[in-house]
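Chain residues, written in single-letter form:
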Amino acid sequence: MNTAKIALAFIFVLTLSLCAKETSALTSSSLTDVKIQSVLTEAYNKFKDDDSGKNADYIKALAEVNPKIFAITLVTPDGKIYEIGDTKELVSIQSISKVFTASLLLQERGDKFLQEKVGVNATGLAFNSVIAIELHGRTASNPFVNAGAIESTSWIKAKNSADRWYSIKQNMNDFAGRKLPFNEKVYISEVHDNKSNQAIAKLLDANNLMGSDPLEATTVYTKQCSVNISSHDLAVMGSSLANHGVNPISKKRVLDSKYVPKLLAVMATAGLYDNAGDWLYATGTPAKSGVGGGILAVVPGKLAIGVVSPPLDKYGNSVRGQEAAAYIINRLGLNPMAQ
Ligand code: GLN
């Protein structure tokens, strides 16, 4: 074969492989508004009729939320918003609030504090596991299980518990770029039924790990879980983490850029609890779920996706939330491990 033939064959093979890639995943250089919106529509239509999973019911008010709510929002670091479905429907943020309290803790006390005091490792057990605390030397392991979240809340600098709640709430509002509403019904329902969280807080207190009174910290933690959000709010909140700590809509800095990779690393390790490995295997992205049915996934430097759909799998993660977010990330060719 002469050189010209070899070159032709090479171009032919290259064209074929590029075409094959285009059918399975869009390349990031080809991410146009139309493509992003059409992938969102594909994801919505593909999963809208999946009624598997079940609303959380250990917090009674969550069992009463409409399981049909399904909404997807995507926000890019330049502040573009794409969405479909019930994007104005509100559900309680629950464990996704843990991301923003951990962010505030990083900002106030630094990354060494988070690593050494709270921890940054997975527990391999459920988000509310008590045995995980004992197994790991009576420590919380990470800020995204209940133990580590209550501990993180307790270390937020404040004069008293009202002040601590104000600062946590204000920080979430800054991430969302609006004053987020409070779900009184969910709060009342959970605050009367959070005895095992109180026990967890006391266990950590017994190991001198709490920064404030354990029961007070549990109450503030329960309040932060009762803040209402939509898929739109979630995606805007996450977009600051895809944008080096600056809210792309309000332009306000919400976290020092040096802490953003730390927070995203813990989300990748423990955001979906004992199913975090499967999630990372499927998408390569940091994410965080909540038992209210929300899920937030961040593709660092590229975009944030917020999905709301209340029915959960056995780990407490939204079924359609995971399906839709994973589909969008892969269809857009944005798995960070594949870059
Ligand atoms: N407020 C809930 C709890 O403490 C949060 C759990 C979650 O969303 N995984 O159990």
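Residues numbered from 1 in each chain as written. Predicted model: local features only at pLDDT ≥ 70, side-chain atom pairs only at ≥ 80, totals over all residues. Heavy atoms only, no water.

Please give an account of the packing of helix H7 (residues 146-154) against helix H10 (residues 195-206) that cites residues and values.
For the pair H7 and H10, interaxial distance at closest approach is 9 Å and the crossing angle is 65°. Judged on the interaxial angle alone, H10 and H7 are roughly perpendicular. Seen from above, H7 lies across H10 with right-handed handedness. Counting all contacts with H7, which are made through Asn146, Ala147, Ile150 and Glu151, the residues of H10 involved are Asn197, Ile200, Ala201 and Leu204. (Axes fitted to C-alpha atoms, helices over the stretch in contact; angles between N-to-C directions. Helix = DSSP H or I, 4+ residues; strand = E, 2+ residues; numbered from the N terminus. Parallel < 35°, antiparallel > 145°, perpendicular 65-115°, else oblique. Left-handed = near helix turned anticlockwise from the far one by under 90°. Contact = heavy atoms within 4.5 Å.)

Describe the sheet that holds strand E5 (residues 287-289), listing the residues and the values that go with them.
Where strands meet in a sheet, backbone hydrogen bonds hold them as pairs that are either parallel or antiparallel. Read across the sheet, five strands follow the order E2-E1-E7-E6-E5 without closing on themselves; strand pairing throughout is antiparallel. Each edge of the sheet is formed by a strand with only one pairing partner; in this case those strands are strand E2 (81-85) and E5. Mean inter-strand twist for the sheet, computed between neighbouring axes without regard to direction, equals 10°. Pairing of strand E6 (residues 294-299) with strand E7 (residues 303-308), which is carried by six bridges, proceeds in the antiparallel orientation. When the sheet's bridge partners are listed, Val298 is paired in E7 with Ala304. Running over the sheet, helix H12 (residues 231-239) touches strand E1 (71-75), E2, E6 and E7 and is turned about 155° from E7. (Pairing = 2+ DSSP bridges.)

So what's going on with helix H9 (residues 184-191)? Which residues, and what values?
Side chains that are three or four residues apart share a direction in an α-helix, a result of its 3.6 residues per turn. Residues of H9 that are buried: Val186, Tyr187, Ser189 and Glu190. Down the axis of H9, the buried side of the element spans an arc of 165°, and every buried residue falls inside it. Buried residues in H9 make contact with helix H3 (60-63), strand E3 (91-92), H10 and helix H11 (214-225). (Buried < 20%, exposed > 50% of the residue type's maximum accessible area, 1.4 Å probe, protein only. Arc of directions from axis to C-beta.)

Could you give me a rundown of the pairing of E7, with the residues and numbers involved?
Along any regular strand, the residues point their side chains to alternate faces of the sheet. A large share of E7 lies buried, amounting to six of its six residues. Two elements, E1 and E7, share five bridges in a ladder whose sense is antiparallel. Looking at E7, one finds that Leu74 is bridged to Ile305.

Can you break down the packing of aromatic side chains residue by residue, with the values?
Summed over the entire model, instances satisfying the criterion amount to eight aromatic pairs. Measuring from ring centre to ring centre gives 5.1 Å for Tyr44 and Phe70, while their planes differ by 10°; the resulting arrangement is stacked. Of this pair, Tyr44 sits in helix H2 (residues 33-47) while Phe70 sits in the loop between H3 and E1, and the two are 26 residues apart along the sequence. For the ring pair Phe127 and Tyr273, a centre distance of 5.1 Å and an interplane angle of 45° mean the geometry is tilted. Of this pair, Phe127 sits in the loop between helix H5 (111-118) and helix H6 (131-135) while Tyr273 sits in the loop between helix H13 (260-270) and helix H14 (276-283), and the two are 146 residues apart along the sequence. (Phe/Tyr/Trp six-rings, centres within 6.5 Å; stacked < 30°, edge-to-face > 60°.)

Go over the site of the ligand with me, naming the residues and quoting the values.
In the neighbourhood of the ligand, the contacting residues comprise Tyr58, Gln94, Ser95, Phe127, Asn146, Glu190, Asn197, Tyr221, Cys225, Tyr273, Gly290 and Val291. At 2.6 Å, a side-chain N or O of Gln94 approaches a nitrogen atom of the ligand. Bound to the protein, the ligand loses 99% of the 290 Å² it would expose on its own. Tallied by class, the residues present in the shell around the ligand amount to six nonpolar, five polar and one charged. (Near = heavy atom within 4 Å. Polar contact = N/O pair within 3.5 Å; in protein donor to acceptor, adjacent residues only side chain to side chain. Areas by Shrake-Rupley, 256 points an atom, 1.4 Å probe, with all protein chains shown as cover. Nonpolar A, V, L, I, M, F, W, Y, C, P; charged D, E, K, R; others polar.)

So what about the layout of surface pockets? Which residues, and what values?
Looking at the largest pocket, its volume works out to about 220 Å³. What lines the largest pocket is simply Tyr44, Lys48, Asp49, Asp50, Asp51, Gly53, Pro67, Lys68, Phe70, Pro311 and Arg320. Its residues placed into classes, the lining of the largest pocket shows four nonpolar, one polar and six charged. (1 Å grid on protein atoms, 1.4 Å probe; cavity = no way out; pocket = protein on both sides within 12 Å on 5 of 7 lines; lining within 4 Å. Points joined across faces, edges and corners; volume = space filled by probe spheres on them.)

How would you explain the side chain of Ser289 if you had to name every residue and give the values?
With respect to the helices, strands and loops of the structure, Ser289 is situated in strand E5. A relative accessible area of 0% places Ser289 in the buried class. At 2.5 Å, the side chain of Ser289 and the side chain of Asn317 are in polar contact.

Describe the packing of helix H4 (residues 97-109) against H11, naming the residues involved and giving the relevant values.
Contact pair H4 / H11: the axes reach a minimum separation of 9 Å and the direction vectors enclose 125°. By the criterion of interaxial angle, the relationship of H4 to H11 is oblique. By crossing handedness, the relation of H4 to H11 is classed as right-handed. Seen from H4, the contacting residues are Ser97, Lys98 and Thr101; seen from H11, they are Tyr221, Gln224 and Cys225.

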